[in-house]
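Listed here are the chains, written in short residue letters.
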Amino acid sequence: MFHISASYRVAGHQPVAKRTEESYRECRKTGPMEKDPEAVLLTEGNRLFLTCKICLKPSENSRGIWKRVPPDVATFAPVELDGRRARLLIDLSLEIVNIREKDSGVYFCFMGTKVMAKYAVDVVQEEPHRYIIVSGRKLKRGPSKAVPMKDLNLVLRWNWSEWSECSRCGSVGKRRRVGICTVKKMNLVSPAKPVDTQILKEYRNGLPADRVSYPRPFESCRKSKSTKSEFMIGFCKFPCRPDASIAVITDKTGAVVDTVDNSQGVYSMHQPLPKLLRWQNERRCTKN
């Protein structure tokens with residue numbers, strides 16, 4: 001995953017976004033929806049975003065719908081919503097920015113006593129990776145292909161994200177996407193070897209191959225394969241939008257270091273202070 005640079009907001013977030021009757025009615029059109037368990041692997045500093053499809057009236061308390069079971073702990077712990085690092089969005093999705101290794105664990109979204117979503121979240125300090133450069137229409141080094149292990153009823157494959165924003169507009173820039181190596185059962189009905197662990201049955205869409213809590217019996221077969229994540233870098237050129245309010249900040253090499261929406265009062269630490277903040281700071285210094 002890509003590191004997201006720090007940004008700041010003129011007005012602070014609310015720990016729980018205010019819901020409206022309109023958003024409740026929109027949710028009721030499709031109704032609550034259970035989600036298959038999902039595994040998430042992040043490096044420290046990234047943003048964690050977990051969705052949960054349940055409908056609550058604006059008057060109903062939503063603080064307790066998300067709970068977490070920390071690693072090596074068998075009891076639920078509430079997710080602390082402070083509005084700075086962790087908050088609940090209007091659609092009841094959970095957002096945690098500047099994620100840390102201590103945030104690892106299994107996250108549950110509840111509707112009453114029923115589990116509507118479950119995420120196994122692993123946060124690591126550094127994820128092994130290799131780079132793939134896209135030059136024109138050809139790849140100098142292509143992405144890894146799926147590795148079937150028929151004798152184990154397992155397959156290693158890379159799940160790719162969408163392309164990032166182009167680092168520049170109006171001229172040639174760069175964009176990236178990441179492929180996370182995952183392992184899953186080839187046949188969900190047949191057992192996996194050397195042990196048919198429950199976690200592979202539950203997470204049918206696969207698990208990150210380098211998960212911190214990966215079952216020990218699979219360590220030997222995992223280490224015998226290349227399970228590094230892959231970053232694909234491609235060239236791009238898009239015209240600049242005259243009404244664009246999304247600021248893309250790049251370093252001297254053209255790599256994106258931050259992307260912020262200035263129209264929402266959000267500014268990057270890499271941008272000059274907006275006029276209002278600069279005037280307030282100058283006035284404060286004059287008084288002192």
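As a starting point, this report considers the structure included with it.

Thresholds, definitions, all that
Residues numbered from 1 in each chain as written. Predicted model: local features only at pLDDT ≥ 70, side-chain atom pairs only at ≥ 80, totals over all residues. Heavy atoms only, no water. Helix = DSSP H or I, 4+ residues; strand = E, 2+ residues; numbered from the N terminus. Buried < 20%, exposed > 50% of the residue type's maximum accessible area, 1.4 Å probe, protein only. Disulfide = S-S within 2.5 Å. Pairing = 2+ DSSP bridges. Core = buried A, V, L, I, M, F, W, Y, C linked by side-chain atoms within 4.5 Å. Contact = heavy atoms within 4.5 Å. Salt bridge = Lys/Arg side-chain N within 4 Å of Asp/Glu carboxyl O. Axes fitted to C-alpha atoms, helices over the stretch in contact; angles between N-to-C directions.

## Digging into unusual backbone geometry
And then number 1: Notably, leucine 92 is not glycine yet its phi reads approximately 70 degrees, a positive angle.
And then number 2: The residue leucine 92 is located in the loop between β6 (86–88) and β7 (94–96) in this model.
And then number 3: The phi dihedral of asparagine 153 is positive, around 60 degrees, even though this residue is not glycine.
And then number 4: Counting through the fold element by element, asparagine 153 comes out in the loop between β12 (147–149) and β13 (154–160).
And then number 5: By relative accessible area, asparagine 153 is classed as buried at 10%.

## Regarding the state of the cysteines
And then number 1: A complete count under the given rule lists 3 disulfides for this structure.
And then number 2: Bridging cysteine 27 to cysteine 55, the disulfide has an S-S length of 2.0 Å. Residues cysteine 27 and cysteine 55 share a disulfide whose torsion about the S-S bond is about -80 degrees; that sign makes it left-handed. Placement of the pair is cysteine 27 in helix α1 (residues 21–30) and cysteine 55 in the loop between β3 (48–50) and β4 (66–69), with a sequence separation of 28 residues. Considered together, cysteine 27 and cysteine 55 belong to a single accessibility category, that of buried residues.
And then number 3: Paired by a disulfide, cysteine 166 and cysteine 236 hold their sulfur atoms 2.1 Å apart. Handedness here is read from the sign of the S-S torsion; for cysteine 166 and cysteine 236, about 95 degrees, the answer is right-handed.

## Describing the sheet that holds strand β2 (residues 38–43)
And then number 1: An order of β2-β9-β8-β4-β5 is seen for the 5 strands of this open sheet, with the pairing classed as mixed. Only two strands of the sheet have a single partner each, and these edge strands are β2 and β5 (77–78).
And then number 2: Sheet analysis places strand β8 (residues 105–111) next to strand β9 (residues 114–124), joined by 7 bridges and oriented antiparallel. Across the sheet, tyrosine 107 pairs through a bridge with tyrosine 119, a residue of β9.

## Remarks on the nonpolar core
And then number 1: In this structure, Leu48, Leu50, Trp66 and Tyr107 are the most contacted members of the largest nonpolar core, which totals 24 residues.
And then number 2: The element best represented in this core is β9, accounting for 5 residues.
And then number 3: Apart from the residues lying within four places of it in its own chain, the contact partners of tyrosine 107 are Leu48, Leu50, Trp66, Lys67, Arg68, Val79, Leu94, Ile96, Ala117, Lys118, Tyr119 and Val121.

## As for the environment of threonine 250
And then number 1: Structurally, the position occupied by threonine 250 is in strand β17 (residues 246–250).
And then number 2: We classify threonine 250 as partly exposed; its relative accessible area is 26%.
And then number 3: Taking the C-alpha atoms as reference, threonine 250 lies 9.9 Å from glycine 173; in sequence the two are 77 residues apart.

## Let's talk about the pattern of salt bridges
And then number 1: On inspection of all chains with the given rule, the structure shows 7 salt bridges.
And then number 2: Salt-bridge contacts for lysine 35 lead to glutamate 38; the nearest nitrogen and oxygen are separated by 3.4 Å.
And then number 3: A salt bridge links arginine 85 to aspartate 103; its shortest N-O distance comes to 2.9 Å. You can see arginine 85 sitting in the loop between β5 and β6 and its partner aspartate 103 sitting in the loop between β7 and β8, a full 18 residues away along the chain.
And then number 4: With a relative accessible area of 26%, arginine 85 lands in the partly exposed category.
And then number 5: When its relative accessible area of 7% is taken as the criterion, aspartate 103 is described as buried.

## What about the side chain of serine 62?
And then number 1: Summarising the element assignment, serine 62 is placed in the loop between β3 and β4.
And then number 2: Residue classification places serine 62 among the buried residues on the basis of a relative accessible area of 4%.

## Let's talk about the sheet that holds β6
And then number 1: Taken together, the 3 strands give an open sheet; going across it, the order is β3-β7-β6, and neighbouring strands pair in antiparallel fashion. The sheet terminates laterally at β3 and β6, the two strands that pair on one side only. Across this sheet, the average inter-strand angle for adjacent strands is 10 degrees, counted without regard to direction.
And then number 2: Summarising the sheet, β3 and β7 pair through 3 bridges and their orientation is antiparallel. By the bridge assignment, leucine 50 is partnered in β7 with leucine 94.

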